[in-house]
Structures are given as C-alpha cells and as structure tokens.
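Secondary and tertiary structure notes
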Amino acid sequence: MKDGILKGSDRTKEGIKLHTPEDFEGMRQAGRVAAEILDEVAAEVAPGVSTGRINDWIHQRVIDKGVKSATIGYRGYQHASCISVNHVVCHGIPNHSKILRAGDILNIDVTVIVDGWFGDTSRMYVAGMPGGKAERLINLTHEALFKGIETVKPGATFGDIGAAIQKLVESRRCSVVRQYCGHGLGRVFHDSPQVMHFGKEGSGPELRPGMFFTIEPMVNLGKPATKVLSDEWTVVTRDRSLSAQFEHSVGVTEDGVEIFTLSPAGRFHPTWTPAA
C-alpha cells in the first residue's frame, strides 16, 4: 500500500479495481486529450452540418494527436464518436445524411486510448441557439452530473451518487434513464462497477481511494422509458421527448474526487456560448 491506495492489481470484494497513485497520471493524460477534442469540435457544430462530417473531423483529430479511438472496432462499431441528437438518448451513430437543424441539441461522446489508458467523456452542444425547454434540460443535466460528483469521497457509496442525481432531476419534473449507467474504466474501456444514476443513499459498494469510473446521467424531459432501434445501437426515448447527457471520468482520492476530463478551455458548458 502507498499513500493509502492499494496496488493496481488489487480489487475490492465487489470486483472494483483499486489503482495506484501513479495510475492517476495516466488517466489525467487520457482524459485531457478526450476533453481537448470536445473543446475543439464545438466550432464544427452548426445548422446544415451532418453528424457524419462532425465524426470525420473527430476521427482526424484523434489521428493528429497520435492516439487511438476506443470506439472504432468496439463490438463492431465503426465510428470515432457517438452523436445523439434531440430524442436520441445515447449511442447515436454518425451519418452524413443526418443534417443538423437550427435548435437541435446533441450529445457528442468520445473515448480515446492514450498509452493504454482510456479517457471517456461527453457533453452537450447546440446547433445555433437552444429553445427554452432544451436549454432547461441541458442546464439540469449538467447540474445533475456535478451533484453526483460532489458526493464522491472515500466512505460514501455508489448509491449516494445515484440518489443525489435522481433527487435533483425528479424535483425539476424530469426523469433519469434507468437502463444505462456509468462504468469503471482505466486500462479497459468498461469495468466494474456499474454506476447508476438513481438509487438509495447508503446502498451499494463503498467508495475507496483508487477507484476510477464515469458518471454520465441521461435525463429526459418526459418519461424515462427508452428503446433500441433496429441498428442495435441507437437508443431513443419512447415518448420522443428530448434527452440530454453529460459525462466525466473521475477518480476517488484520499479526501475526495479528481475529474480527469475537465475542459482545458473551460468549455464543458454551456458550449453554445463562444469562448472569450
């Protein structure tokens, strides 16, 4: 044990990997590259642009930065991003025939591999300016993510994260998607634990220093029910209500939490406001 964090080969009884202090640096580098790409892609989002073109731009930036895309080839997926527009909850497939219209909202999700470490993050964008309901949803989802992150510290539980998010979202008469969750990561794309965005305070495994995972609440303006389309990737709201999502990769420290995917340019939200 070093600085209270167990060796990287150790796992909790629930199978959650505990990383070393040195591992944090690997995650910082991977998270920063992913966040830089999402900073830079903001300028590409506009009415009249296709989601396929945006993905092509992301793919080229991954190549330019000398890193790898974690999604290309993952379970047969062939794109460097997921781009989910309006009522698409997650896993939207970029397409050159999908043209953004003024007021469309979209989540862009990027995961890169840097020296074997996975940096996973997503955020919301708007083609033009958002409508009132869309802006309210985006603001709420952003707030919900950070409400969940605020609970992360040694001795808290994964149930505390979900409960904090659920309480906030439902108090604003919106709903949390139940079928999809955050996940452990590090030198693998998806690992234990599953990080639910709803739940009961005090439930689930206890948070310990060295745990790495994503928090990525999906929030719907309408009901929480979703369905998967025939392409077996795209998830949409059953009632076709708008959906939004923000995602950070985080690590539990000795006294709290470190966010690995903070925006270097301070553009995590709101992304439709031009950088100063």
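As the structure is a computational prediction, the values presented were derived from the model and not from experiment.

So, how was this worked out
Per-chain numbering applies: the sequence of each chain, read as written, is numbered from 1 onward. Residues qualify for local features only when their pLDDT is at least 70, as the model is predicted, and side-chain atom pairs are given and counted only at 80 or more; totals for whole chains, interfaces and linings, by contrast, use all residues. As a rule here, side-chain values come from all non-hydrogen atoms in the structure, and water together with hydrogens is ignored. Runs of E in the DSSP output that reach at least two residues are strands. Runs of H or I that reach at least four are helices, and both are numbered from the N terminus. Partly exposed residues are those whose accessible area sits between 20% and 50% of the maximum for their type, while under 20% is buried and over 50% is exposed, using a 1.4 Å probe and protein chains only. Whether two residues touch is decided by their heavy atoms; if any such pair falls within 4.5 Å, the residues are in contact. Note: two strands are recorded as paired if DSSP finds a minimum of 2 bridges between them. Interaxial angles span 0 to 180 degrees and are taken between N-to-C directions of axes, which are lines fitted to C-alpha atoms, for helices over the stretch in contact. Working definition of a nonpolar core: buried Ala, Val, Leu, Ile, Met, Phe, Trp, Tyr and Cys residues. They are joined through side-chain atoms within 4.5 Å.

Further remarks concern the side chain of Ser 122. Within the secondary structure layout, Ser 122 lies in strand β5 (residues 117-126). Owing to a relative accessible area of 0%, Ser 122 belongs among the buried residues under this scheme. Non-local contacts of Ser 122, meaning those with residues more than four positions away in its chain, are made with Leu 38, Asn 107, Ile 108, Asp 109, Gln 245, Phe 246, Glu 247 and Phe 268.

Of note, the bond from Ser 192 into Pro 193 is cis; its omega dihedral lies within 30 degrees of zero at 5°. Here Pro 193 lies in strand β8 (residues 191-195). For the bond running from His 269 to Pro 270, omega is -5°, close enough to zero to count as cis. If you trace the backbone, Pro 270 turns up in the segment after β15 (257-259). Unusually for a residue other than glycine, Arg 75 sits at a positive phi of about 50°. Residue position: Arg 75 is located in the loop between β1 (68-69) and β2 (82-85). For Arg 75, a relative accessible area of 69% translates into the label exposed. You will see that Asp 115, though not glycine, has its phi angle at about 50°, which is positive.

All right, on to the sheet that holds strand β12 (residues 235-237) then. Strand order in the open sheet formed by three strands is β3-β12-β11, and the pairing between neighbours is antiparallel. Edge positions in the sheet fall to β3 (88-90) and β11 (226-228), since each of these pairs with one other strand and no more. Between one strand axis and the next, the sheet turns through 40° on average, direction left out of account. For β11 and β12, the ladder comprises three bridges, and the chain directions are antiparallel. Looking across to β12, one finds that Lys 227 is bridged to Val 236.

One finds Phe 158, Ile 161, Val 169, Leu 207, Met 211, Phe 213 and Ile 215 to be the most contacted residues of the largest nonpolar core, which totals 35 residues. Of all the secondary structure elements, the ones that give two or more residues to this core are β5, α3 (132-150), α4 (158-171), β9 (212-215) and β14 (248-252). With seven residues, the top contributor of residues to this core is α3. Non-local contacts of Leu 207, meaning those with residues more than four positions away in its chain, are made with Thr 151, Val 152, Lys 153, Pro 154, Gly 155, Ala 156, Thr 157, Phe 158, Ile 161, Phe 213 and Val 252. Counting 34 residues, the second-largest nonpolar core is a separate cluster that includes Met 27, Val 85, Ile 108 and Val 112.

Remember, this is a structural readout, not a statement about activity or role.
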